[in-house]
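Okay, here's what each chain looks like letter by letter:
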Amino acid sequence: MSFLVLEGLSKSYGDVHALIDMNLAVERGEFVGLLGPSGCGKTTTLQALAGFVQATRGRIVLDGRDITDVPPNQRGLGIVFQSYALFPHMTVAQNVAFGLEMRQVSRSERERRVGRMLELVHLDELAARYPRELSGGQRQRVAVARALVIEPPMLLLDEPLSNLDAKLREAMQFELRRIQRKLGTTTLMVTHDQAEALSISDRVVVMHAGRVQQIDAPHRLYEHPQSRFISSFVGKTNLLRATVRGGQLELAPGLRVPLGNSGGAHAAEGSVVTVCLRPEKLAFADGAEGRLAVRVEERFFLGSQWLYRVSSALGELEVSCANDGRPPHPEQATAQLTWPDDVARVLPPEPDA
Amino acid sequence: MKPGRTLPYALVSPALALFALMVLLPLALTALLSFQRFSYDTGVQDGFTLSTYANMLGDSYYWEVFGRTAWIALLTTLLCVLIGAPEAYILSRMGAPWRSIFLLVILAPLLVSVVVRAFGWGLVLGPTGFVNQFLEWVGIGRVRMLYTPIAVVVALVHVMLPFMVIPVWTSLQKLDPQVENAALSLGASRFTVWRRVVLPQVTPGLLSGGLIVFALSASALAIPGLLGGRRIKMVATLIYDEYLHELNWPLGAAIALALLVVNLAVMLATNAVLEGNYRKRMG
């Protein structure tokens, strides 16, 4: 049995179904990201796991013990809140020591463990400061230290990086991952930021409208999205319609790509399917004969890459190219697009769309 | 002169003038009055004397009244803390429609004149009031409450409660609700969360509420006057008597200034505690 099992977990507020039949198994030591837009049920899942919200139906089993009805103060989970929720009237060291105090850990042992934990998050110099004297990133690390010092079976992170500026957020992502690897604590992180979820999770759970959409490793999620929603929520996408003809996908008359690796092997001959083409898989066929004639409508410089919005017989497409130093295509110019045979992905038919 | 320099002074001058005219001037006149001579035959005389203060400080009667005022005001403050703090906490936890309704219920007494409320308590606590009818019914028998400190304290607590609830409620509003959840997740019991996390953060609110309640209770006139009767003299009723019955204005002025000094001392002491312990942490 997995370390953490959520079985048919549901939460309703009257007629509003915040979480519908959530099933998830997390292995010991795993870092799982819960990803979705606001209102998708990811926070409700975390709150139910923490015990702040009572699930309407379903079970939560942690390390073989059913904790569905255990009050939050007896679950022993480490939680990092979005607002950090530090105790403003206590110093950094007192904040971190609080959980140990509640566990009646002796003073000397407490000091030793708080010291070690503050060292791990590089805050040993600031132990005597109050939270209001710290920067956002430092407060965040206090929150992480406070949650981890009790050596919880599991760490829950609620949008831990959303209050930090972009540069710091990136640094903290890797910092969080480093700490998690070092301690081996099973971790569940809630986030609405796909880049954050993809970059540090072992597996990502994508949620939408209270339901789990897909559970996969980050690169599989990106390369093989199982729904329209995921293909556009995780990364950027071009969604096209195609008809299955003779083992090929016909995007337009005369424009066919092999069905082969696209995940559409089950699609019946003659059926219309939705195809996802990632912008970075498309390339300009400089000089050579391409697959598709396009006209550059707009272009945006993103530093490491160029993002083009082009019009074509297939409609409007997004193309992103690495900024390799060559001069970019000017706006209003015509060009040829090409892409490898196996990058098109057929999305499964939507259940009720 | 630069307009940037004078403008702020020009803007505060109306308030300053009002403050000087309505507060500082009467205070100065009261202070002057307290040093004037008085005799029952001739009334207030010109001249300067410290004898009024000497008489006041030397007479145990005045010490007794000040002592009674102090303990009644302290008891009122304490009861307001004990009732008002949980009340504010419950209020802050209430949902959308009920919070406004109960806030209004708490504030409603302020809309009714203190005199009316004092007479109301007189009816409730009197020899044939509700409370005594109930006590007789359960077999305890009548208890004398009106014209005792009980009546004064009960009515003062009722009047002062909003002044405690509002500051505490305000400091509770500033609390991050997740902080309580954080303490729970770290293994604290509900009571420990309250004692270790919530209470320290609302202490500034409790202190300022306590300060207001104490100062207002110590100088309350209508309630001790109407519910304390002639026996339960408090400082304010004593001043009233000196001015209007004894016509000993210098003595009344001296007692009033003594009350001001005591209140001021309590306030400055509390403020010092607040500054020392909380400003640094809570900002």
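Residues numbered from 1 in each chain as written. Chains lettered and ligands numbered in written order. Predicted model: local features only at pLDDT ≥ 70, side-chain atom pairs only at ≥ 80, totals over all residues.

Turning to the interface of chain B and chain A, a few remarks are in order. With 17 residues of chain B in contact, the opposing surface of chain A contributes 20 residues. Among the elements of the structure, α8 (177-185), α9 (190-218) and α12 (249-282) of chain B are those that each provide at least two residues to the side of chain B that touches chain A. The greatest single-element share of the side of chain B that touches chain A, amounting to six residues, is contributed by α8(B). The residue makeup of the side of chain B that touches chain A, split by class, is eight nonpolar, seven polar and two charged. (Contact = placed C-beta atoms within 7 Å. Helix = DSSP H or I, 4+ residues; strand = E, 2+ residues; numbered from the N terminus. Nonpolar A, V, L, I, M, F, W, Y, C, P; charged D, E, K, R; others polar.)

So, about the packing of helix α5 (residues 114-125) of chain B against helix α7 (residues 149-173) of chain B. Geometry of a packed helix pair, given as the angle between the helix axes and the separation of the axes. Residue and element names in this part refer to chain B. Interaxial distance between α5 and α7 falls to 10 Å at its minimum, and their mutual angle equals 135°. Taken as axis vectors, α5 and α7 run oblique relative to one another. With respect to the hand of their crossing, α5 and α7 are arranged in right-handed fashion. Facing Val114, Arg117, Ala118, Trp121 and Leu125 of α5, the residues of α7 in contact are Ala151, Val154, Ala155, His158 and Val159. Among the residues forming the contact of α5 with α7, the class breakdown is eight nonpolar, one polar and one charged. (Axes fitted to C-alpha atoms, helices over the stretch in contact; angles between N-to-C directions. Parallel < 35°, antiparallel > 145°, perpendicular 65-115°, else oblique. Left-handed = near helix turned anticlockwise from the far one by under 90°.)

A few words now on helix α5 (residues 166-183) of chain A. Residue and element names in this part refer to chain A. Compared with the 26 Å implied by 1.5 Å per residue over 18 residues, the 26 Å span of α5 between its first and last C-alpha is a close match. In this fold, the buried residues of α5 make contact with β3 (31-35), α4 (136-148), β8 (186-191) and α6 (194-200). Remark: Gly184 follows α5 within two positions and exhibits a positive phi of approximately 70°. (Expected span 1.5 Å × (residues − 1).)

So, about the sheet that holds strand β16 (residues 292-301) of chain A. Pairing between the strands of a sheet is mediated by backbone hydrogen bonds and can be parallel or antiparallel. All names here are of chain A. Taking strand neighbours across the sheet as the criterion, the five strands line up as β15-β19-β16-β17-β18 in an open arrangement whose pairing is antiparallel. Edge positions in the sheet fall to β15 (283-284) and β18 (315-322), since each of these pairs with one other strand and no more. Judged from the two bridges that link them, β15 and strand β19 (residues 334-338) form a sheet pairing that is antiparallel. Bridging from a neighbouring strand, Phe284 pairs with Leu337 of β19. (Pairing = 2+ DSSP bridges.)

All names here are of chain A. Within strand β7 (residues 154-158), five of the five residues are buried, leaving the element largely enclosed by the surrounding structure. Of the two faces of β7, the one holding Met154, Leu156 and Asp158 and the one holding Leu155 and Leu157 are both buried throughout. In the sheet, strand β6 (residues 78-80) pairs with β7 via three bridges, with the strands oriented parallel. Paired with Gly78 across the strands is Leu155, a residue of β7. Bridge count for β7 against β8 is five bridges, and the pairing is parallel. Along β8, the bridge assignment pairs Leu156 with Leu188. Tracing the backbone out of β7, into α5 and back to the parallel element β8 gives a crossover that is right-handed. (Buried ≥ 20, exposed ≤ 12 C-beta atoms within 10 Å, placed from the backbone. Right-handed = clockwise from strand over helix to strand, strands pointing away.)

Another aspect to go through is the domain arrangement of chain A. All names here are of chain A. Segmenting chain A into domains produces domain 1 (4-230) and domain 2 (236-347). Here domain 1 and domain 2 have C-alpha centroids that lie 38 Å from each other. Between domain 1 and domain 2, the residue contacts involve four residues of the former and six residues of the latter. Residue composition of the side of domain 1 that touches domain 2, by class: one nonpolar, two polar and one charged. (Domains from an automatic or database assignment.)

Grouped together as the largest cluster of nonpolar side chains are 77 residues, with contacts concentrated most on A:Leu34, A:Val96, A:Ala145, A:Leu156, A:Leu188, A:Val205 and A:Val206. Apart from residues no more than four positions distant in its own chain, A:Leu34 is found in contact with A:Lys42, A:Thr45, A:Leu46, A:Leu188, A:Met189, A:Val190, A:Val205 and A:Met207. By size, the runner-up hydrophobic cluster in this structure holds 50 residues, among which are B:Leu156, B:Val159, B:Met160 and B:Val235. (Core = buried A, V, L, I, M, F, W, Y, C linked by C-beta atoms within 7 Å.)

Moving on, we come to the environment of A:Arg75. Structurally, A:Arg75 is set in the loop between β5 (65-66) and β6. Those residues in contact with A:Arg75 that sit more than four places away from it in its chain are A:Gly51, A:Ile67 and A:Val70.

On to the sheet that holds β3(A). All names here are of chain A. Spatial ordering of the open sheet is given by β6-β7-β8-β3-β9-β10, a layout of six strands whose pairing is mixed. Across the chains shown, the open sheet's two edge strands, defined by having one partner strand only, are β6 and β10 (211-216). Between one strand axis and the next, the sheet turns by 15° as a mean value, whatever way the strands run.

Here we take up the confidence of the model for chain B. Summarising the model, chain B shows a mean pLDDT of 89, and 96% of its residues fall at 70 or more. The ipTM assigned to the predicted complex is 0.83, against a pTM of 0.81. (pLDDT = per-residue confidence, 0-100.)

A few words now on unusual backbone geometry. Phi angles above zero are rare outside glycine, and A:Ala209 is one such case at about 50°. Tracing the backbone through its elements, the reader meets A:Ala209 in the loop between β9 (203-208) and β10.

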